[in-house]
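So the chains spell out like this:
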Amino acid sequence: MRTVTKNRRGFTIVEAVVALAILVLGLAFVYQSMIDSSRIGRQRGDQMQLEYLARQRLAELRVAPAGSPASLAEMAPLAMGEDAVAETAAKPRPDGALDVTVRVVRLDAQATLTGVVAP
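Values in this document were obtained by computation on a predicted structure and should not be read as measured data.

## Some points on a nonpolar patch on the surface
Phase 1: There is a patch of nonpolar side chains on the surface, built from I13, V14, V17, V18 and I22 and spanning about 510 Å² of accessible area.
Phase 2: Note on placement: I13 falls in helix α1 (residues 13-63).
Phase 3: When its relative accessible area of 67% is taken as the criterion, I13 is described as exposed.

Now the structure itself:
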């Protein structure tokens, strides 16, 4: 007859499977966090690029000669970069300046910037 000793060493198969399952769940959580962080970083980078393009377009309108189509901000949508389009709208102000809104649109993001263009 075999006797069971209380001083066994090592893990049972059940303990090893439970430990492995906990490890896999932890690694899955870390992996998902990395994927989410990467996606958010890419989206923020795209948003910053669109905001830069909007600022660039507004700066172009501010330095355009008076009386030109650019100074009136009555321009058709303008392709900017790879797949971005800048749409420009203007509202006259009583002081002769224009409130200009530049909206840069891409398939999955957009940026809108409003500024004043002096006469």
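## Regarding the environment of A109
Phase 1: Structurally, A109 can be placed in strand β4 (residues 109-117).
Phase 2: Each C-alpha atom of the pair A109 and D46 lies 7.5 Å from the other, and the pair is 63 residues apart in sequence.
Phase 3: Setting aside residues no more than four positions away along its own chain, A109 makes contact with Q47, L50 and V104.

Thresholds, definitions, all that
Residues numbered from 1 in each chain as written. Predicted model: local features only at pLDDT ≥ 70, side-chain atom pairs only at ≥ 80, totals over all residues. Heavy atoms only, no water. Patch = residues over 30% accessible without salt bridge, like charges linked within 9 Å, V, L, I, M, F, W, Y side chains within 5 Å. Areas by Shrake-Rupley, 256 points an atom, 1.4 Å probe, with all protein chains shown as cover. Salt bridge = Lys/Arg side-chain N within 4 Å of Asp/Glu carboxyl O. Helix = DSSP H or I, 4+ residues; strand = E, 2+ residues; numbered from the N terminus. Buried < 20%, exposed > 50% of the residue type's maximum accessible area, 1.4 Å probe, protein only. Contact = heavy atoms within 4.5 Å.

Distances and angles like these do not, on their own, reveal function.
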